[in-house]
Amino acid sequence: MMNHFMVLAVLLLLRTCYTTYSQQESTVFPVTYLNITKDLALQRLLVEWDVDKSAHDAELAMSFEIQVRRTDETTTVWTELHNVTLDKSGKPLRWRWDSDLPLECMSHLVRIRSKAETSKIWSPWSLWETVLGLDTSNNSGPQIFPNENIVEEGSDITLCCIGRKGQIIEKFFLLPAVHAFNHTNGQVGLLTVKNVAHQGVPHITVYCQESCNEDQCYDHAVFFVGKPPDTPNDFSCQTQDMRIVTCTWRKGGETYLYGRHLPKYALFEEFSQKMVPCTVSCSEQCSCTWNIGQQRIFNITVTVENPLGKKTAMDVFDVTHRIYPAAPFQLWEECTDTEITLYWKHRNKEIELFCQTEVLQPDGKVELHNSSDMHLHYASITMGGLQPYTEYTVRVHCGAAKHFWRWSEWSEARTIRTKEATPSGKLDIWREITPVLGGRHVTLFWKQAPSFRANGESISYEVTWEKVEDGSKRESMSFSSVHNSTRISIDDDSYRISIMAKNNVNYSLPSVLIIPRATGTEELKEEQVNGTDDGIFITWEPRHMYDSYIIEWCNFPMLQPCDLQWKRFGPNTSSALINSGSFVPGVRYNFNVYGSVANRASLLEKKTGYLRELPPQPDPIVEKVELTLNAVTLSWDSYSTHESQSGFIRGYHVYVSPIQEDCLLKGSKKHILPDDSVLCKYTIEDPEEKRYTVKHLLSNTKYKLAVKAYTGGGETPIVNFIYIDTPFNSNMLYLLVLLVIVPAIVAAICHWKMKWVKEHCCPVIPSPNKSKVLSFKTFKSDSEKVLKPSDCIPDMLAVDTKAEAQKLHSWSQLPSTPTEDKIDGHNSSQIYPDEKEERDFTPTPTSQTHTWFENFAYSSHRAVESDPSQRPETLEASKPELSVVLYQPHYYFDIFNEDAASAPRETAGRKTSLRYISQMDACLEKRL
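Residues numbered from 1 in each chain as written. Predicted model: local features only at pLDDT ≥ 70, side-chain atom pairs only at ≥ 80, totals over all residues. Heavy atoms only, no water.

This part is about the overall build of the protein chain. A count of helical and extended segments in the protein chain gives 8 helices and 56 strands. Buried residues in the protein chain amount to 39% of all 928 residues. For the protein chain, the share of sequence-separated contacts (at least 6 apart) that also reach a separation of at least 24 residues comes to 65%. (Helix = DSSP H or I, 4+ residues; strand = E, 2+ residues; numbered from the N terminus. Buried < 20%, exposed > 50% of the residue type's maximum accessible area, 1.4 Å probe, protein only. Contact = heavy atoms within 4.5 Å.)

This is how it looks when you write it as structure tokens:
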């Protein structure tokens, strides 16, 4: 039964909660009260409203949607959702809204609706609540808003001009002109300027005009563009005497506001809740001073304010921890040659101070000495380890010994000189020995070594010398401080020379030099050394017996005196970089390396070199030119390669080229000039070789030549050339006569006797290939044109002379079986040549005797090609009385056998007088 009642109770509670939640979900709480006010100084709307008391009692969490609208705009200019939880106090709700448009420009309307967070239903909107602007008032003329005439740089500003009722704003603009959004439709004109900038003028003027021309139709306003003040920097407070406190700070950047708009400063003490009674003054920094009385702990707030903003800074301090002592004053001193005792007075007698003295050395270094020795009326400090007769500049500042805050200002600086003392260290001395008749001149040089100090106001030098062996009388000379060298004369014995410095107190330690006995010296070879950007690098071979090394050189080797210099090095040194402000490129410097032991110096090595080698000046002068047909020899023997040159002469370049073409001479290298012309370059690597022969030249040719010396710095540009003409080659003329003129004469003679030469040297043999008979297929064998003797027997060969005919007749009497050849239709008594060949043959008289025989020469495969212009003659034999010998084969071969014929002379005559006649017509008759 109990369980049943519990279940019923739980169900009843759940129903009650559900009913309550459902009611809340469907319940709305409209705005019951709405009021709007405006704060024109802040350009802000203040909205106040409320809802039904039941919502407060229920402590509902509610959301309110707020809308703002202006009278001339149909759309809402602002919408915001405001969430709040109500309480049972029943206080109205509040909300504020800052307007970007001056509230005077036009009326603003606000409405609100609500919704409980547990509900999904919004209440109805409240009615629009209006706060009126000046656009509804009766103005006597146009008005410009906002009234404030200070504008922050970088901000956006909206200006408005409200005209009178019934008037329209015709013009609304700014000077100086800036980019602005202008809207002047109707009674109210608007100007919006984005990111207002300070333009170097003190203000901006705004002008407004209605659509009329009377005085009351115009209005203007002036606006100043500025910045809010910066937060005071480095704000701190301190005291010098525990009675007066001074606070200081840096004022920050420019605000561009002046006069009554300048930043204003105020100091407030938080513990006493009082304004600090001080007057602020600002120049490079701001300060404020006041009497603190008995108070020791302060919390000071400084406030800086102008119309655009306000900034603050705070400093909490205990006065006893902020002591900033006054600067020491009235300094005096006591000193010796190495110590200075400095005294000074101070104003803070009741405050224990810790002081610091600054000592400025002559070389610019600074030393600090601390002290706490305080007497009733003065303080002092002793500084030791100083140099004699040296100026030092000292000054002092102090701070609180307990709770140190900061140093005081420096006292006035005081310059103090220590007293004189004996010169310290030795002079650095050297010598130059010059042999003369009967002895030697010794030039002595001295300078103050880095370890030497004169320690006095006036300095002088004393030079003494004496023989080493017999201890003869000592000689001496004194010199003032302006001298650093002297010359003495000694004989060939060994001498001991010493030099001392002297001031008003005493002499320095002597510097000793032993001049050995004069003996013959071995000539040392000079070694070339290289220069760098920093000096000339010297190396030498170290010797264990020497305790130091000395290098000497002349700063001006071409002058006398040459400004002799020397430098000492320790026994473990074997190289040095010698530099001098007098070293210049292109000058040869000679260096002597000495080894020294027991004050005796011996020459070890000689060096010579340049800081930087330059091209040699001047160029070698070619003194002699020797020409041959194909070579030229140049000589420049007088050219100097020694100290006067601006670099070590490494060798020479000989440049050669024909005047009108590139050079291709054998053994040379191609060299291109800046004008792109080409030369042949020959290199001579021996600087003492001052003669060179250029070979492989062409005769009867113009050449240009140049000789240049070169150093490690190169060579100068080629400016001047030597021009030569190689001789004419007469042998070439003889060869020309042999090869050209003689053959030409022979050819002319041959052309003049062409017929005779042709008949005796080149007899014409007709070509069988041109015979008409070969056009018949039966006379062809395979693919060759061959005339078979069996098919066509050549009939006759005409011999012009009777002697030939008689010989042939005698040959015909030899045993044989001749066959007669009948000649039909040919009874002519003479042979008539072709009419076209009348230039070669003349008619033969009928009374001349002819001999005929068969000719098988055409069957030979070694047929000689005849002259193409030569045409065969046609032979007609008509008279029976002619003696005819039929040709037999062996007779043919005997005719051309010189052994079987007559003497060589007759044979030659016979061969040259033979004339071969084509028998094509006879062959054709037989064939047909």
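Additional details are given in the paragraphs that follow.
This next bit is on a nonpolar patch on the surface. There is a patch of nonpolar side chains on the surface, built from Leu738, Leu739, Val740, Ile741, Val742, Ile745, Val746, Ile749 and Trp752 and spanning about 920 Å² of accessible area. Here Val746 lies in helix α3 (residues 730-752). Taking relative accessible area as the criterion, Val746 reaches 45% and is therefore assigned partly exposed. (Patch = residues over 30% accessible without salt bridge, like charges linked within 9 Å, V, L, I, M, F, W, Y side chains within 5 Å. Areas by Shrake-Rupley, 256 points an atom, 1.4 Å probe, with all protein chains shown as cover. Salt bridge = Lys/Arg side-chain N within 4 Å of Asp/Glu carboxyl O.)

A few words on the packing of aromatic side chains. Inspection of the entire model under this criterion finds 28 aromatic pairs. Geometrically, the ring pair formed by Trp540 and Tyr549 is tilted, given 5.6 Å between the ring centres and 50 degrees between the ring planes. Between Trp553 and Phe591 the ring centres are 6.1 Å apart and the planes differ by 45 degrees, which places this aromatic pair in the tilted class. Remark: Phe591 occurs in strand β43 (residues 588-597) and Trp553 occurs in strand β40 (residues 548-554); sequence separation between them is 38 residues. Its relative accessible area of 7% is what places Trp553 among the buried residues. Cluster of aromatic residues (ring-pair linked, three or more members): Trp540, Tyr546, Tyr549 and Phe569. The side chain of Lys115 reaches across the aromatic face of Trp122, ending 5.5 Å from its centre. The ring of Trp566 carries Lys447 above its face, with NZ or CZ at 4.5 Å from the centroid. (Phe/Tyr/Trp six-rings, centres within 6.5 Å; stacked < 30°, edge-to-face > 60°. Lys NZ or Arg CZ within 6 Å of the ring centre and 35° of its normal.)

Overall, antiparallel pairing links the 3 strands, which are arranged β24-β25-β28 in an open sheet. Each having just a single partner strand, β24 (329-335) and β28 (379-383) make up the two edges of the open sheet. Averaged over neighbouring strand pairs, the angle between their axes works out to 20 degrees when direction is ignored. (Pairing = 2+ DSSP bridges. Axes fitted to C-alpha atoms, helices over the stretch in contact; angles between N-to-C directions.)

Our next topic: the pattern of salt bridges. Throughout the structure, instances matching the rule amount to 30 salt bridges. Linking Lys607 and Glu527 is a salt bridge whose minimum nitrogen-to-oxygen distance equals 2.6 Å. You can see Lys607 sitting in strand β44 (residues 600-610) and its partner Glu527 sitting in strand β38 (residues 526-529), a full 80 residues away along the chain. For Lys607, a relative accessible area of 1% translates into the label buried. Lys624 is the salt-bridge partner of Glu626, the closest N and O atoms lying 3.0 Å from each other.

So, about the environment of Tyr495. Considering the arrangement of structural elements, one finds Tyr495 in strand β36 (residues 495-502). Spatially, the C-alpha atom of Tyr495 lies 6.6 Å from that of Pro516, the residues being 21 residues apart in sequence. In this structure Tyr495 touches Trp465, Glu466, Lys467, Val468, Ile490, Leu513, Ile514 and Ile515, once residues within four positions along its chain are discounted. A polar side-chain atom of Tyr495 sits 3.2 Å from a polar atom in the side chain of Asp491. (Polar contact = N/O pair within 3.5 Å; in protein donor to acceptor, adjacent residues only side chain to side chain.)

Once that is clear, we can look at the side chain of Arg44. Within the secondary structure, Arg44 is located in strand β2 (residues 44-50). The class of Arg44 is buried, set by a relative accessible area of 17%. At 2.6 Å, the side chain of Arg44 forms a polar contact with the side chain of Asp98. With near-sequence residues (within four places) excluded, Arg44 lies in contact with Thr37, Lys38, Asp39, Arg96, Trp97, Asp98 and Leu103.

Turning our eyes to something else, we now look at the confidence of the model for the protein chain. In this model, the protein chain carries an average pLDDT of 80, and 77% of its residues clear a pLDDT of 70 or more. Low pLDDT, under 50, characterises residues 811-928; the predicted model gives this stretch 182 contacts beyond four residues in sequence or across chains. (pLDDT = per-residue confidence, 0-100.)

On to the nonpolar core. If you look at the biggest cluster of nonpolar residues, it comprises 37 residues, and the most contacted ones within it are Leu267, Leu342 and Trp344. Per-element accounting of this core gives the leading share, 5 residues, to strand β29 (residues 391-400). Leaving out residues up to four positions away in the same chain, Leu267 has contacts with Cys247, Trp249, Met275, Val276, Cys278, Val280, Cys288, Trp290, Ile300, Thr301 and Val302. Among the nonpolar cores identified, the runner-up in size contains 23 residues, and Leu45, Val47, Leu60 and Val131 belong to it. (Core = buried A, V, L, I, M, F, W, Y, C linked by side-chain atoms within 4.5 Å.)

Here we take up the environment of Trp122. Inspection of the secondary structure puts Trp122 in the loop between β6 (108-116) and β7 (129-131). Between the alpha carbons of Trp122 and Thr27 there is a distance of 9.5 Å; along the sequence they are 95 residues apart. Leave out the neighbours within four places in its chain, and Trp122 touches Val28, Ser63, Phe64, Glu65, Leu81, Arg113, Ser114 and Lys115.

Take the side chain of Asn555 next. Along the chain, Asn555 turns up in the loop between β40 and β41 (564-569). A polar side-chain atom of Asn555 sits 3.1 Å from a polar atom in the side chain of Asp563. Among the polar contacts listed, one links the side chain of Asn555 to the side chain of Ser580, at a separation of 3.1 Å.

Read from one edge of the open sheet, 4 strands run β19-β18-β22-β23, paired in antiparallel fashion. What marks the edges here is a single partner per strand, and that holds for β19 (274-275) and β23 (309-318).

Note on strand geometry: in a regular strand, side chains alternate between the two faces of the sheet. Two elements, strand β45 (residues 624-627) and strand β46 (residues 632-635), share 4 bridges in a ladder whose sense is antiparallel. In the strand pairing of β46, Leu627 is matched with Val632. Turn length for the β45-β46 hairpin, with the two strands adjacent in sequence and antiparallel, is 4 residues.

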